[in-house]
Amino acid sequence: MWKTFSIGGIHPHEKKLSADRPIMPVLPSGQVAILLGQHIGAPAKPLVSKGDRVKVGTKIAEPVGVVSAAIHSSVSGCVNKIDAVIDASGYPKPAVFIDVEGDEWEEGIDRSDTLVKECNLTADEIVGKIADAGIVGMGGACFPTHVKLCPPSTCRPECLIVNGVECEPFLTADHQLMLEHAEEIMVGVFILMKAIRVNKAFVGIENNKPDAIRLMKKVAAAYVGIEIVPLQMKYPQGGEKQLIEAIMGRQVPAGALPVSVGAVVQNVSTVFAVYQAVQKNKPLFERVVTVTGDGLSNPSNLCVRMGTPVRQLVETCGGLPEDTCKVICGGPMMGKALVNLDVPVSKGTSGILLMGGQEARRSAVQPCIRCAKCVAVCPMGLEPYLLATVSAHGDFERAENENILSCIECGSCQFTCPSHRPILDYVRLGKAKVGAMIRARKKG
Ligand code: SF4
Ligand code: SF4
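Each chain has its residues counted from 1, following the order in which its sequence is written. Chains and ligands are labelled sequentially in the order written, the chains with letters from A and the ligands with numbers from 1. Local features in a predicted model are, by the rule used here, given only for residues with pLDDT of at least 70; side-chain atom pairs are given and counted only at 80 or more, and totals for whole chains, interfaces and linings are based on all residues. For side-chain calculations, the full set of non-hydrogen atoms in the structure is used, while hydrogens and water are omitted.

Side note on the overall build of the chain
Each helix corresponds to a stretch of at least 4 residues labelled H or I by DSSP, and each strand to a stretch of at least 2 residues labelled E; elements are numbered beginning at the N terminus. When helices and strands are counted, the chain shows 14 helices and 17 strands. Between the two quantities, the radius of gyration covers C-alpha atoms and the globule rule is 2.2 Å times the number of residues to the power 0.38. Rg of the C-alpha trace for the chain: 21 Å, near the compact-globule value of 22 Å for 444 residues, within the 12% margin. Split into buried and exposed, the 444 residues of the chain put 53% on the buried side. Contacts spanning at least 24 positions in sequence make up 73% of the contacts within the chain whose residues lie at least 6 apart. Residue exposure ignores everything except the shown protein chains as possible cover, and the areas themselves are Shrake-Rupley values with a 1.4 Å probe. Surface exposure of the chain reaches about 19200 Å², of which carbon and sulfur atoms provide 53%. For the purpose of counting charges, residues Lys and Arg are taken to be positive, whereas Asp and Glu are taken to be negative. His and the chain ends are not included. Taken as the charge centre is NZ of Lys, CZ of Arg, CG of Asp or CD of Glu, depending on the residue. Across the chain, the 47 positively charged side chains and the 44 negatively charged ones have centroids separated by 5 Å. The cut-offs for exposure are 20% and 50% of the maximum accessible area for each residue type, with area from a 1.4 Å probe on protein chains only; residues under the lower value are buried, those over the upper are exposed, and the others partly exposed. The contact criterion used is simple: two residues touch if any of their non-hydrogen atoms lie within 4.5 Å.

The structure is reproduced here in structure tokens:
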């Protein structure tokens, strides 16, 4: 019997249009806009100014405070300006604009395909290299990885869990990465085990990727302590808490960190980036992005430099289909609609989904019929209809008391609602307001 999590969950129809498409590099042309805040925490502080020349891999911004991450140039060329650009949130954010000239890399980055297996660094040295490389969680959370690898002294990690689930119905970037870079990922797993001082790691992969399960099992056989765990398909199994329960059978209490039950979770893309940083001296300046959609002539998995405008990815995949109504950053379940195609790719961009009129159209909202389907599917055991109602009425204290901050924004409630109620929209609003309330309370 396949393992999975126990509370809620749904089975959205999957459309992996870009499955089996080899990862194809895309070099940006013209100008890139590299965001200073590509992570949770304080935006990085620029180290460059207008007119400075940079190479691929040059550090252009340094972290500010404990929770932050370094930023590196993804291109060679000349800094044009530091200015605001609209990011995936729809708001202007500071970025370093660089005019692209050639493709000259920093010396010291190993660009060869040679697999470097051996790692003689200490745990602290590994964490230091990961911090220097600006690595953050690439599954979407964007939490600085070096911070996650140093849990509070009251918590002791027992194992590493690697997230190879990719449960969003359209995305295939992680799947293809496992097929093309299984060896590198396995070395990355070994390095992370060393960094958190554990001798056991589990790699969770859903059973809709049998080729990846087979290959990863074959490669893992040469490593002590790494186990590949095939999982039953169920959304949102890629959520940290859901994955931990599926693999370890332990539930993370509300408000607690995963490490409180002994697990440190990292996404496969992050693990690959760790391999590249530690073994190849390569900072995080590019990532694999799935670009997909029914109307797109060539859905693809692209290796994209940070700061590349989404427009260039769409052009690479055949251009914008005529009936495109919505462009989503991420997958259809958790992604957010972009306000324009100039939004730059950042460390958390796992996919770009183009939706035609038919798919993008929202059905007319009907009154809640109190069927409780949203409650049944919520993987966090919340009451989504209630959270949405109190948020809509501006009762954010009630929303806080009803644990709105535990919501992982998976969208299962909205997907299931027969009345097409915009539950997730209201829950997101409530979470933002409650978060602001808590910050204000702490300040004073
Ligand atoms: S309330 Fe949040 S966690 Fe629960 S189903 Fe809705 S989006 Fe997912
Ligand atoms: S699923 Fe929709 S209609 Fe049913 S209780 Fe929840 S909000 Fe109401």
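Focus: the site of ligand 2
Here a residue counts as near a molecule or strand whenever at least one of its heavy atoms sits within 4 Å of it. Taken together, the neighbourhood of ligand 2 is formed by Cys368, Ile369, Arg370, Cys371, Ala372, Cys374, Tyr385, Cys417, Pro418, Ser419, Arg421 and Ile423. Looking at the shell around ligand 2, its residues break down into nine nonpolar, one polar and two charged. Under the grouping applied here, Gly and all other residues not named as nonpolar or charged are polar, the nonpolar ones being Ala, Val, Leu, Ile, Met, Phe, Trp, Tyr, Cys and Pro and the charged ones Asp, Glu, Lys and Arg.

Observations regarding the packing of helix H4 (residues 182–196) against helix H7 (residues 268–280)
Working convention: axes come from line fits to C-alpha atoms, limited for helices to the stretch in contact. Angles between N-to-C directions cover 0 to 180 degrees. Where H4 contacts H7, the axes come no closer than 8 Å and their chain directions differ by 80°. Comparing their axes, H7 and H4 come out roughly perpendicular. Counted together, Glu184, Ile185, Val187, Gly188, Val189, Ile191 and Leu192 of H4 and Val268, Val271, Phe272, Val274, Tyr275, Val278 and Gln279 of H7 form the full contact between these two elements. Here the contact of H4 with H7 is composed, by residue class, of eleven nonpolar, two polar and one charged. Under this scheme an angle from 65 to 115 degrees is roughly perpendicular, one under 35 degrees roughly parallel, and one over 145 degrees roughly antiparallel; angles in between are oblique.

Overview of the site of ligand 1
Taken together, Cys378, Pro379, Met380, Pro384, Cys407, Ile408, Glu409, Cys410, Gly411, Ser412, Cys413 and Leu424 make up all the residues around ligand 1. Among the residues making up the shell around ligand 1, the classes are represented as nine nonpolar, two polar and one charged.

Focus on the packing of aromatic side chains
When we look at a pair of aromatic rings, we describe it by the centre distance and by the angle of the planes. Two rings from Phe, Tyr or Trp (for Trp, the six-membered ring) form a pair when their centres are within 6.5 Å of each other. A pair whose planes differ by under 30 degrees is stacked, one over 60 is edge-to-face, and the rest are tilted. Counted by the stated rule, this structure contains one aromatic pair. Their ring planes at 80° and their centres at 5.2 Å tell us that tryptophan 105 and phenylalanine 285 sit as a pair that is edge-to-face. Here phenylalanine 285 lies in the loop between H7 and strand E13 (286–292) and tryptophan 105 lies in the loop between strand E8 (92–100) and helix H1 (123–132), a separation of 180 residues in the sequence. Take tryptophan 105 and phenylalanine 285: they sit in the same class, and that class is buried. Over the aromatic face of phenylalanine 97 sits the side chain of lysine 81, whose NZ or CZ is 4.7 Å from the ring centroid. Consider the ring centre and the ring normal. A charge sits over the ring if Lys NZ or Arg CZ is within 6 Å of that centre and within 35 degrees of that normal.

Considerations on the side chain of glutamine 276
Mapped onto the secondary structure, glutamine 276 falls in helix H7. Its relative accessible area of 17% is what places glutamine 276 among the buried residues. What glutamine 276 contacts, discounting residues up to four positions off in sequence, is Asn281 and Lys282.

Focus: helix H3 (residues 173–180)
Within H3, six of the eight residues are buried, leaving the element largely enclosed by the surrounding structure. Among the residues making up H3, those that are buried are Ala173, Asp174, His175, Gln176, Leu177 and Met178.

Overview of the domain arrangement of the chain
Residue ranges assigned to each domain were obtained from an automatic or database domain assignment. What the domain assignment reports for the chain is domain 1 (123–250 + 257–280) and domain 2 (373–443). With four residues of domain 1 at the interface, the matching set in domain 2 holds five residues. Put simply, buried area is how much 1.4 Å-probe accessible surface two parts lose in total, over both of them, once they are put together. Together domain 1 and domain 2 conceal approximately 370 Å² of surface at their shared face, both sides included; 62% is due to carbon and sulfur atoms. Contact with domain 2 buries surface across domain 1, with Tyr235, Pro236 and Gln242 losing the most and accounting together for 83% of the total. Within this document, salt bridges are pairs made up of a side-chain nitrogen of Lys or Arg and a carboxyl oxygen of Asp or Glu, the two lying within 4 Å of each other. Scanning the region where domain 1 abuts domain 2 turns up zero salt bridges. The term polar contact refers here to a pair of N or O atoms within 3.5 Å; inside protein, the definition further demands a hydrogen-donor-capable atom paired with an acceptor-capable atom, and it admits residues adjacent in sequence only when both atoms are side-chain atoms. Across the contact surface, domain 1 and domain 2 share two residue pairs in polar contact (both at pLDDT 80 or more). Taken together, the residues of the side of domain 1 that touches domain 2 break down into two nonpolar, one polar and one charged.

A short note on the nonpolar core
In this description, a nonpolar core means a group of buried Ala, Val, Leu, Ile, Met, Phe, Trp, Tyr and Cys residues linked to one another through side-chain atoms lying within 4.5 Å. Grouped together as the largest cluster of nonpolar side chains are 68 residues, with contacts concentrated most on Leu160, Ile185, Val189, Met216, Ile226 and Ile352. When residues in this core are grouped by element, the largest group, ten residues, is from H4. The contact partners of isoleucine 352, leaving out residues within four places of it in the chain, are Val289, Thr290, Val291, Thr292, Val310, Leu313, Val327, Ile328, Cys329, Gly330 and Leu338.

With respect to the pattern of salt bridges
Following the criterion strictly, the structure yields 21 salt bridges and no others. The closest approach of N and O atoms between aspartate 83 and lysine 81, which form a salt bridge, is 3.6 Å. The exposure class assigned to aspartate 83 is partly exposed, which follows from its relative accessible area of 36%. With its nearest N and O atoms 3.2 Å apart, the salt bridge here joins lysine 280 to aspartate 110. Of this pair, lysine 280 sits in helix H7 while aspartate 110 sits in the loop between E8 and H1, placing them 170 residues apart in sequence. Judged by its relative accessible area of 28%, aspartate 110 falls in the partly exposed class. A single salt-bridge network, built from bridges that share partners, covers Asp103, Lys282, Glu286 and Arg305.

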